[in-house]
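# Breakdown of the fold
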Amino acid sequence: MIRERIQPDIRAKSNYLASFRFINIDFGKKPPQIKSWKTHADPEKKQIMLDLDISYNADIKVDAGFTEKTPIAGIKSIKLEGILRVILAPLMEDSPIFGALTVYFPHRPVLELQWTGFAHLLNIPGLQTLSEKELMNQIGQIIVAPQHFSHPLAARFDLAKLQFLEPRNALRIRVIEAKNLVAKEILTKSSNPYVVICGGGTTAKTRVIHKNLNPKWNETFEILYSDLPDQEIEFNLISDKGVKINQQLGSCRIRIKEVPERGFIDKWIDLENVKSGQLHIKVTRLRLLSDPTQLEEVKSLFLYAGYRGNTLECFVGASNFFLVFQVLKVNEQSRPKRENEIASAVLYTYIEKGRGLPVIQVSQIKSPSNCHSCPYCLLLS
């Protein structure tokens, strides 16, 4: 799982990490402890969920680097505590009864790592501005929903048939304002706040408002998410420090299920881990339609609202798309700056397989002996 799922995610973070790899992975023989567990059955969705309260504290050996033989950093011990969800689905008539097993953390667990070569790790271009806490937050995002691991239990079961994997839902998130934020700038007694929104495997952020403890953003974002149970949207408020390490102004989160179906929430949320601060957000659940015959009806509504319908025509006949039905009355109440960037339709494409791909002779590619441009050489220079 680490090499197949986490390693590609790390490589995608930056061009400098394109050759990053895990060299040694040894979690020892000490198993995680299960302190308690709960069972939830959902006959309608033909699935059983197990919530395991796990605790794992052990010495391990994980080495990473940019070549197969030379590690630059690693992990020597781990502490992990949290709720691990196991989904057994779908229910089948024949043995082994369930088609697949899916595991994930619905909420960010407590994670502590003891590093080796941590200073070398932060010398990698693109990571210099990160603190250990921020790096741990990024690692936390990799292991929390919607990230998950699914494994077939039944022979030849197609994981693509799991009903909770496709992004069938959409939320429109409006970050309105904040108040009573903590001052991080000693001289000006103010901060330079912005908000980072994380959810559905997507990360977005607002613009920075300088020298303000009661900022108003009025910015709107859209996030697609799957039916994976108990997903959250996390809001992290940060004070921009320019070239220096940014400072936390607190965070808060909401659960997807808090947003009513075909409705919205509009509220102030207290920020956690700070003395003071609140964030004002509005989250709307959009109705998704998959019937192509409703295109003309919805397009006429968009035209009435002043939208152009040409972009919708390219989706006619697409087998996998979901049309976002916008609630026009809600939209008319406010027109934030980013309103023109809001989508009116979503195209979902499933790539099943490829064939006839060219063969690349990797063994013929040789690196020059005086290379100084790869990340590993940059560390040594």
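Residues numbered from 1 in each chain as written. Predicted model: local features only at pLDDT ≥ 70, side-chain atom pairs only at ≥ 80, totals over all residues. Heavy atoms only, no water.

- The name an unreviewed UniProt entry assigns to the chain is Extended synaptotagmin-1-like isoform X1, from the organism Xenopus laevis.
- Listed under Subcellular location (unreviewed entry) in UniProt, the entry text for the chain is "Membrane". (UniProt positions renumbered as here; feature names shortened; annotations may be inferred.)

## Things to note about the overall build of the chain
- Within the chain one finds seven helices and 17 strands.
- In the chain, which comprises 381 residues, the share counted as buried stands at 43%.
- Sequence separation of 24 or more characterises 63% of the internal contacts of the chain that already satisfy a separation of 6 or more.
- Accessible area of the chain: about 22500 Å², with a carbon and sulfur share of 52%. (Helix = DSSP H or I, 4+ residues; strand = E, 2+ residues; numbered from the N terminus. Buried < 20%, exposed > 50% of the residue type's maximum accessible area, 1.4 Å probe, protein only. Contact = heavy atoms within 4.5 Å. Areas by Shrake-Rupley, 256 points an atom, 1.4 Å probe, with all protein chains shown as cover.)

## Quick notes on the pattern of salt bridges
- Here the structure, examined in full by the defined rule, presents 12 salt bridges.
- A salt bridge links D230 to R85, with the nearest nitrogen and oxygen atoms 3.1 Å apart. With D230 in the loop between β11 (216-225) and β12 (232-239) and R85 in strand β4 (residues 71-91), this pair connects stretches of sequence that are 145 residues apart. In this structure, D230 and R85 share a single accessibility class: buried.
- A salt bridge links K257 to D230; the shortest N-O distance between them is 3.5 Å. Remark: D230 occurs in the loop between β11 and β12 and K257 occurs in the loop between β13 (247-255) and β14 (264-270); sequence separation between them is 27 residues.
- Within this structure, D51, R85, D230 and K257 form a network of salt bridges that share partners. (Salt bridge = Lys/Arg side-chain N within 4 Å of Asp/Glu carboxyl O.)

## A closer look at the nonpolar core
- Judged by nonpolar contacts, the single largest core of 34 residues is most densely connected at I10, F20, F22, L113, W115 and L121.
- Broken down by secondary-structure element, the contributors of at least two residues to this core are α1 (2-11), β3 (47-65), β4, β6 (110-116), α2 (118-121) and α3 (132-143).
- Ranked by size, the runner-up nonpolar core spans 26 residues in total, among them I197, I209, I223 and I256. (Core = buried A, V, L, I, M, F, W, Y, C linked by side-chain atoms within 4.5 Å.)

## A short note on the side chain of N236
- Looking at the secondary structure, you find N236 in strand β12.
- Within polar-contact distance, the side chain of N236 engages the side chain of E234 at 3.5 Å.
- Apart from residues no more than four positions distant in its own chain, N236 is found in contact with Y194, V195, V196, C198, G250 and S251. (Polar contact = N/O pair within 3.5 Å; in protein donor to acceptor, adjacent residues only side chain to side chain.)

## Here's the deal with the pairing of strand β9 (residues 193-199)
- Across the seven residues that make up β9, a large majority, seven, are buried.
- Residues P193, V195, I197 and G199 point to one face of β9 and Y194, V196 and C198 to the other, with burial holding for every one of them.
- Pairing geometry for β9 and β12, over six bridges, is antiparallel. Among the inter-strand pairings, V196 is bridged to a residue of β12, identified as N236.
- Between β9 and strand β10 (residues 202-205), which pair antiparallel one after the other, the connecting turn spans two residues, and G200 there sits at a positive phi close to 60°. (Pairing = 2+ DSSP bridges.)

## Considerations on α1
- Considered for burial, the residues of α1 that qualify are I2, I6, Q7 and I10. Buried residues in α1, looked at end-on, bunch into an arc of 100°, giving them a common side. (Arc of directions from axis to C-beta.)

## Let's talk about the sheet that holds β10
- Here we have four strands laid out as an open sheet, ordered β10-β9-β12-β13, and antiparallel in their pairing. Both edges of this open sheet fall to β10 and β13, since each of them pairs with a single strand only. For this sheet the average axis-to-axis angle between neighbouring strands, irrespective of direction, equals 15°. (Axes fitted to C-alpha atoms, helices over the stretch in contact; angles between N-to-C directions.)

## Comments concerning the packing of aromatic side chains
- Taken as a whole and judged by the stated rule, the model has two aromatic pairs.
- Seen in terms of ring centroids, F20 and F22 are 5.4 Å apart; in terms of plane orientation they differ by 85°. Their pairing is edge-to-face.
- A residue is classified by how much of its surface remains accessible, and F20, at 7% relative accessible area, is buried.
- Residue F22 is classed as buried on the basis of its relative accessible area, which comes to 13%. (Phe/Tyr/Trp six-rings, centres within 6.5 Å; stacked < 30°, edge-to-face > 60°.)

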